[in-house]
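Residues per chain, in single letters:
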Amino acid sequence: MEYESVVLVKQEVFVYKIPPRQSNRGYRAADWNLAEPTWTGRMRLVSKGKTLALKLEDKTSGALFANCPVEAYPGVAIESVSDSSRYFVLRIQDDNGRNAFIGLGFGDRSDSFDLNVALQDHFKWVKNEEQIEKEKVEPKQQLDLGFKEGETIKINMKITKKDGSEVGGRGAGAKKAGGLGLLPPPPGGSSTRIAPPPSVPSPSHQPAAGSAAAPAGTEWGEFTSAGDKPQATTPSKTNANWVQF
């Protein structure tokens, strides 16, 4: 249930009988005989939900003199005059739906300013309420994130194998380009290792003439063939550091 709410009250306003409006020309308050208003009383601006009405009432009894339904502002229900900010033209309506136009004036300019602000605030609120209701009924527009016809996307990805090497890395490119790589061992066998030749010691490490040979197991170990008992080694006549076996 909607309740009636009073938006604005002005205790003294003036009503004037206005001449018919001339074509292509706005209303002028100077044509209304402002010194002799037709009626003087109270103005109330009343809202009921989204509807708004300006009511002219008797100051003492509160009897209704005229009712002006307001559908929009600015609009035809309440129009400003062209020569003053204190006067307006109202389109009043009776119970049978018949319309008539009268002049409305305020003794102070601040009163007319208050009426303007109250009208603008009400219809701004109505507009916001309608927008909220519209968003509740209509679903919000969904963004189309799909690919359009002929549209592609390029993604750079780094893929690694289980052993940590990269797929399509530099190593793979070197093999494709004919670079050298390690050959796998022949099937059914194991790779054969070739022992490097013993290095010849430098002259500074050779023992002096007449000195005894180095004890076994210090610089050179004793070598035995597999499955044989170890035999004593004999120093070579030519070089004491070489071991015969």
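Cut-offs used in this document
Residues numbered from 1 in each chain as written. Predicted model: local features only at pLDDT ≥ 70, side-chain atom pairs only at ≥ 80, totals over all residues. Heavy atoms only, no water. UniProt positions renumbered as here; feature names shortened; annotations may be inferred. Phe/Tyr/Trp six-rings, centres within 6.5 Å; stacked < 30°, edge-to-face > 60°. Helix = DSSP H or I, 4+ residues; strand = E, 2+ residues; numbered from the N terminus. Buried < 20%, exposed > 50% of the residue type's maximum accessible area, 1.4 Å probe, protein only. Core = buried A, V, L, I, M, F, W, Y, C linked by side-chain atoms within 4.5 Å. Contact = heavy atoms within 4.5 Å. Salt bridge = Lys/Arg side-chain N within 4 Å of Asp/Glu carboxyl O. pLDDT = per-residue confidence, 0-100. Pairing = 2+ DSSP bridges.

- If you look the protein chain up in an unreviewed UniProt entry, it shows as NECAP PHear domain-containing protein from Culex pipiens pipiens.
- Per UniProt, the protein chain has the following entry under Sequence similarities (unreviewed entry): "Belongs to the NECAP family."

Quick word on the packing of aromatic side chains
- Counted according to the given criterion, the structure contains five aromatic pairs.
- Ring centres of W39 and F65 lie 4.4 Å apart, and the angle between their planes is 5 degrees; on these two criteria the pair is classed as stacked. One end of the pair, W39, is in strand β2 (residues 39-48); the other, F65, is in strand β4 (residues 64-70), and 26 residues separate them in sequence.
- Its relative accessible area of 14% is what places W39 among the buried residues.
- On the basis of relative accessibility, which here comes to 42%, the residue F65 falls in the partly exposed class.
- With a centroid separation of 6.2 Å and an interplanar angle of 85 degrees, the aromatic rings of F88 and F106 are classed as edge-to-face. Remark: F106 occurs in the loop between β7 (99-105) and α1 (109-137) and F88 occurs in strand β6 (residues 87-93); sequence separation between them is 18 residues. In this structure, F88 and F106 share a single accessibility class: buried.
- Ring pairs connect the aromatic residues Y16, W32 and Y87, which therefore count as one cluster.

A few points about the nonpolar core
- Core analysis: the biggest nonpolar cluster contains 25 residues, and M43, L54, L56, I78, L90 and L115 have the highest contact counts within it.
- Elements supplying a minimum of two residues to this core: β1 (4-16), β2, β3 (51-57), β4, β6, β7 and α1.
- For this core, the element with the highest residue contribution is α1, accounting for four residues.
- Apart from the residues within four sequence positions on either side, I78 is in contact with L54, C68, V70, Y73, F88, V89, L90 and L119.
- Core analysis: the second largest hydrophobic core is formed by nine residues, Y16, I18, W32 and Y87 among them.

A few points about the pattern of salt bridges
- Under the defined criterion, the tally for this structure stands at ten salt bridges.
- Across the pair E12 and K59 runs a salt bridge, and its minimum N-O distance is 3.4 Å. A residue pair is termed long-range when its members are at least 10 positions apart, and E12 in strand β1 and K59 in the loop between β3 and β4 qualify at 47 residues.
- A residue is classified by how much of its surface remains accessible, and E12, at 41% relative accessible area, is partly exposed.

So, the confidence of the model for the protein chain
- For the protein chain, mean pLDDT is 76; residues scoring 70 or higher make up 63% of the total.
- Note that residues 216-221 has pLDDT below 50 and, in this model, five contacts with residues that lie over four places away or in other chains.
- Confidence over residues 223-227 falls short of pLDDT 50; this stretch has two contacts with residues more than four positions distant or in other chains.

Examining the environment of E133
- Within the fold, E133 resides in helix α1.
- Given a relative accessible area of 42%, E133 falls into the partly exposed group.

Some points on the pairing of β6
- Burial analysis of β6 places six of its seven residues in the buried class, which makes it a mostly covered element.
- With three bridges connecting them, strand β5 (residues 78-80) and β6 associate as antiparallel partners. Each bridged residue has a counterpart across the sheet, and for I78 the counterpart in β6 is L90.
- Taking the residues between adjacent antiparallel strands as the criterion, β5 and β6 are bridged by six residues.
- What sits between β6 and β7 in their antiparallel hairpin is a turn of five residues, with G97 showing a positive phi close to 85 degrees.

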